[in-house]
Amino acid sequence: MKTDYDVVVVGAGPAGSMTAKHAAKKGARVLMIEKRQEIGAPLRCAEGVNKKGLEKAGVPVDRRWVSTDVSGAKLVSPGGHVFRIDEKQAGNEVGMVLERHLFDKAMAADAARAGAEIWLKTSAVDVIKDGDKVVGVKAMREGEPLKLTAGCVVAADGFESQVARWAGIDTSLKAADITTCYQYRMANLKTEPDYCEFVIGSVAPGGYVWVFPKGDDTANVGIGVLASNLKKPGEVKAYLDAWIKKDPRLSCGQPLEAIAGGVSVSPPVERSVMNGLILVGDSARIIDPITGGGIANGLLAGMHAGNVLGECVEAEDFSEKALMPYDVLWRNDLEDRLWRNWMAKEKFLTLSDKTLDEVIETLATVNVDKMSVHNILIAIKERHPELVKEFEELI
Amino acid sequence: METDQRNGAHVEVLIMIASTEKCMHCGACVGSCPKNAIFLNEIVLEFNENCNKCGRCVRICPAGALKMEAKK
Ligand SMILES: Cc1cc2nc3c(=O)[nH]c(=O)nc-3n(C[C@H](O)[C@H](O)[C@H](O)COP(=O)(O)OP(=O)(O)OC[C@H]3O[C@@H](n4cnc5c(N)ncnc54)[C@H](O)[C@@H]3O)c2cc1C
Ligand code: SF4
Ligand code: SF4
């Protein structure tokens, strides 16, 4: 029986668009459905990424979606010690802050150019299964129910991760593996216009406050707090408001946009493929558990998924076995790092403000010239080996 | 309060309420719900019968838009 499409991608974020693009490029008949009326909005991101991450996923930098190039990062301890990392070496490793409203649209536009069809205001509401095989999705398009059959469904529905769960892959998270976030884009700030700032400790229990520059005196000022540390509804916003009030460089600012969101800080899913289904991006829980960054990982996973789906279309085989190369590819690239950073997160959660102060203070004496979790962990290993001994072999 | 069909006793029934004024459509509650019992189309948030009133989404919601209340 001929299906409506070879591939139906649910969700037009970076991971979905990359999957759609690469699958369509290889000749697959692709439909990407997005529940919202606009791709990339409302935002749910602090928009920080590094060039290397984009490069690995084969996405050339287009200045139209870059907001700001970053010259370094500041890690600030509860007591105000600052660990500064200056990006001495230009080139690949350099960080930048995106305009995701534009970036997500650019990724989707590339999918369209490769031949993918895109429907907006179309929500997947369930999957259609035949025995143990996913054979399509049930959707609502502008209020009209419809059924779409597909050789393979792509769960690219982001943090919600409902498609996978409807199909029977359990992607639910424990509270200690969820970070709840709130962010303002603010203007009239007095922070450094080219530094990303991270404040750790009890100002943001189990997470951090961030300031990511967005040009001139504007920045994304946000917070993530571990869900297991929250007691009252709406508390995360209260933490952020309190911090902004306390920091005179921020309290002079005014908000232009407020956004919220959830981030998984868990190990990745155990299963990313089943018969007729593939999980990409946040839905597969492949966000970095330390930084909360998921853009680059999502793009990379999407690229692999699209390429493997292209092969599957040719072979007319969307079985778990045929999709498995995707699982292998993304794990080779990301899995060790995700586990290492999850273990590091678990360890850092146990540290008091006092210990964090000490760690940051001594780190300031180590020379780190590239901004990455790996480099920071190496520096910690040098000065505080006891903090990393449980996952030393992964550093 | 509602009347239990089996024994006629009064039991407290909990219901979930989402504030449309406060909700920011971020999906944090949806992805955190252990029962996959919440659905958010672009603007409308719905709870289905799988919800076991664990209260996690109420705690997670960054905007404080969710409440669990006794049904009157
Ligand atoms: C506050 C915050 C700050 C962050 N900061 C950073 C950062 O600085 N750097 C970084 O790298 N990452 C950051 N992240 C994470 C990053 O935003 C995600 O990892 C990234 O967007 C993942 O891409 P994705 O394509 O998997 O999912 P998404 O970008 O979330 O896209 C999923 C899409 O699916 C759609 N969808 C969901 N359900 C359905 C359905 N049933 N039917 C149809 N469509 C559906 C959604 O509307 C959405 O458009 C942050 C996240 C948050 C919440
Ligand atoms: S977590 Fe809160 S703000 Fe976000 S979608 Fe759910 S109810 Fe709305
Ligand atoms: S109360 Fe618990 S089960 Fe019910 S919707 Fe919220 S998180 Fe899900």
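It is worth spelling out the overall build of chain A at this point. Scanning chain A for helices and strands turns up 11 helices and 18 strands. A compact globule built from 395 residues should have a C-alpha radius of gyration of about 21 Å, and chain A, at 21 Å, falls within 12% of that. Structurally, chain A occupies a C-alpha span of about 65 × 45 × 45 Å along its principal axes. The proportion of buried residues among the 395 residues of chain A is 58%. When contacts within chain A are restricted to residue pairs at least 6 apart in sequence, long-range pairs at least 24 apart make up 71% of them. Entry remark: accessible area of chain A is about 15600 Å², with carbon and sulfur atoms responsible for 52%. For chain A, the distance from the average site of its 49 positive side-chain charges to the average site of its 56 negative ones is 2 Å.

Turning our attention to the pairing of strand β9 (residues 122-130) of chain A. Residues and elements named next belong to chain A. For β9 and strand β10 (residues 133-141), the ladder comprises 8 bridges, and the chain directions are antiparallel. Following the sheet pairing, Asp126 is matched in β10 by Lys138. Remark: 2 residues form the turn of the hairpin made by β9 and β10, two consecutive strands paired antiparallel; Gly131 in that turn has positive phi of roughly 65°.

Residue and element names in this part refer to chain A. Under the defined criterion, the tally for this structure stands at 8 aromatic pairs over all chains. Taking the centre distance of 5.5 Å and the plane angle of 70° together, the rings of Phe198 and Phe212 count as edge-to-face. Of the two residues, Phe198 is situated in strand β13 (residues 195-200) and Phe212 in strand β14 (residues 208-213); the sequence distance between them amounts to 14 residues. Assigned by exposure class, Phe198 and Phe212 land together as buried. With a centroid separation of 5.6 Å and 85° between ring planes, the pair formed by Trp339 and Trp342 is classed as edge-to-face. In this pair, Trp339 and Trp342 both sit in helix α8 (residues 320-348), 3 residues apart, roughly one turn of the helix.

What follows deals with the site of ligand 2. Cys23, Met24, His25, Cys26, Gly27, Ala28, Cys29, Cys61, Pro62, Ala63 and Leu66 of chain B make up every residue found near ligand 2. Of the residues in the shell around ligand 2, the class split is 9 nonpolar, 2 polar and no charged.

What counts and how
- Residues numbered from 1 in each chain as written.
- Chains lettered and ligands numbered in written order.
- Predicted model: local features only at pLDDT ≥ 70, side-chain atom pairs only at ≥ 80, totals over all residues.
- Heavy atoms only, no water.
- Helix = DSSP H or I, 4+ residues; strand = E, 2+ residues; numbered from the N terminus.
- Rg over C-alpha atoms; globule rule 2.2 N^0.38 Å.
- Buried < 20%, exposed > 50% of the residue type's maximum accessible area, 1.4 Å probe, protein only.
- Contact = heavy atoms within 4.5 Å.
- Areas by Shrake-Rupley, 256 points an atom, 1.4 Å probe, with all protein chains shown as cover.
- Lys, Arg positive; Asp, Glu negative; His and termini not counted.
- Charge placed at Lys NZ, Arg CZ, Asp CG, Glu CD.
- Pairing = 2+ DSSP bridges.
- Phe/Tyr/Trp six-rings, centres within 6.5 Å; stacked < 30°, edge-to-face > 60°.
- Near = heavy atom within 4 Å.
- Nonpolar A, V, L, I, M, F, W, Y, C, P; charged D, E, K, R; others polar.

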